[in-house]
Amino acid sequence: MALNSSTNSDSKSEKPVSLIWGCELSREKQTYTFQIPQKWKYEQQLALRTICLGERAKDEFNVVEIVPSEDSKDTTPVPLATLKPSVLPMASMVGVELTPPVTFRLRAGSGPVYITGQHVTLIPDLSWDEEEEEEEEEVAEEESSQEESPPKPIKHAAPNKRGNIAKKKKMEKEEENSTPSDDDAFLSKGRGTVRGRKSAAKK
């Protein structure tokens, strides 16, 4: 028999599954042992909630205690509650969590006394493992898709069409200015012939 302060229900690897539990102590049945089959592998706990007297209880003191197991070093019983219909017919057992096997005994009084609580079983929480596996698969898929996708081609800046047109027009104007027109060629030819005639007359 062991007393635990609290149950770690926030653990990612375990989740609690609780069932309502109860027993009755009376003059005919003064002891009750809460135990679980040995084949159960998961951790078991008994969380007490209330201890109360029945409607047939006499106006006398009823003392409920926990009896240590035979293999325990300390064999001194642990009192849980002392009840009397006219004084205290019920007691709350908040924060009392026991590890089976646990033996309850009606030390004094004739009862009936009812003990209620929750039988808590801590089983592995497989949902966390499934979520972790899904996250790992998503990460692996993203990495593989990044490796398989070809590198994106570098986009070159589109040429400025307006600039090219302006350059072409500028070049055409320069060519027109550098190329002599037909009138200029004719005048230059005419000047040559006149000079030739004058030189001939001088002779």
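Look a little higher up for the structure.
Quick caveat: nothing in here was measured; it's all calculated off a predicted structure. By convention here, each chain's residues receive numbers from 1 onward along its written sequence. Only residues with pLDDT of 70 or above have their local features reported here, since the model is predicted, and side-chain atom pairs are shown and tallied only from 80 upward, although totals for entire chains, interfaces and linings are computed over all residues. Excluded from the side-chain calculation are hydrogens and water; included are all heavy atoms of the structure.

Undergrad: Tell me about the overall build of the protein, and please be specific about residues and values.
TA: In DSSP terms, a helix is any run of H or I states spanning at least four residues, a strand is any run of E spanning at least two, and both are numbered starting from the N terminus. Tallying secondary structure elements over the protein gives three helices and 10 strands in all. Reading the secondary structure of the protein in the N-to-C direction produces β-β-β-β-β-β-β-β-β-β-α-α-α. Using the Shrake-Rupley algorithm and a 1.4 Å probe, accessible areas are obtained, with residue cover drawn only from the displayed protein chains. Accessible surface, the protein: about 16,000 Å² in total, of which carbon and sulfur atoms supply 51%.

Undergrad: Give a description of the packing of aromatic side chains that names residues and reports values.
TA: Two aromatic rings, drawn from Phe, Tyr or Trp (for Trp, its six-membered ring), form a pair once their centres lie within 6.5 Å of each other, and the interplanar angle then sorts them: stacked below 30 degrees, edge-to-face above 60, tilted otherwise. Counting across every chain of the model gives three aromatic pairs. A centroid spacing of 5.9 Å and a plane angle of 50° characterise the contact between Trp21 and Tyr32, whose relative ring orientation is tilted. Within this pair, whereas Trp21 is found in strand β2 (residues 14-25), its partner Tyr32 is found in strand β3 (residues 31-34), the two being separated by 11 residues in sequence. The cut-offs for exposure are 20% and 50% of the maximum accessible area for each residue type, with area from a 1.4 Å probe on protein chains only; residues under the lower value are buried, those over the upper are exposed, and the others partly exposed. The class of Tyr32 is partly exposed, set by a relative accessible area of 23%. Taking 5.8 Å as the distance between ring centres and 35° as the angle between the ring planes, the aromatic pair formed by Trp21 and Phe104 counts as tilted. One end of the pair, Trp21, is in strand β2; the other, Phe104, is in strand β9 (residues 102-108), and 83 residues separate them in sequence. In this structure, Trp21 and Phe104 share a single accessibility class: buried. Through a chain of ring-to-ring contacts, three or more aromatic side chains come together here, namely Trp21, Tyr32, Phe34 and Phe104.

Undergrad: Could you give me a rundown of the side chain of His119, with the residues and numbers involved?
TA: For His119, the position within the fold is in strand β10 (residues 113-124). Among the polar contacts made by the side chain of His119, one reaches the side chain of Gln44 at a distance of 2.8 Å. Beyond its immediate sequence surroundings of up to four residues, His119 is in contact with Val17, Ser18, Leu19, Trp21, Phe34, Ile36, Trp40, Gln44, Gln45 and Leu46. Any pair of N or O atoms that falls within 3.5 Å is considered a polar contact. Within protein, one atom must be able to donate a hydrogen and the other to accept it, and sequence-neighbouring residues count only if both atoms are side-chain atoms. Any two residues whose heavy atoms approach within 4.5 Å are treated as being in contact.

Undergrad: Requested: an account of the sheet that holds strand β5 (residues 62-67), with residues and values cited.
TA: When DSSP finds two or more bridges between a pair of strands, those strands are recorded as paired. Strand order across the open sheet formed by four strands is β3-β9-β5-β6, with antiparallel pairing between neighbours. Edge positions in the open sheet fall to β3 and β6 (78-83), since each of these has one partner strand only. Going across the sheet, the axis of each strand differs from the next one's by a mean of 20°, ignoring polarity. Alignment of β3 against β9, held across four bridges, turns out to be antiparallel. Convention adopted: a line fitted to C-alpha atoms gives each axis, helices being fitted over their contacting stretch, and angles between N-to-C directions are expressed from 0 to 180 degrees.

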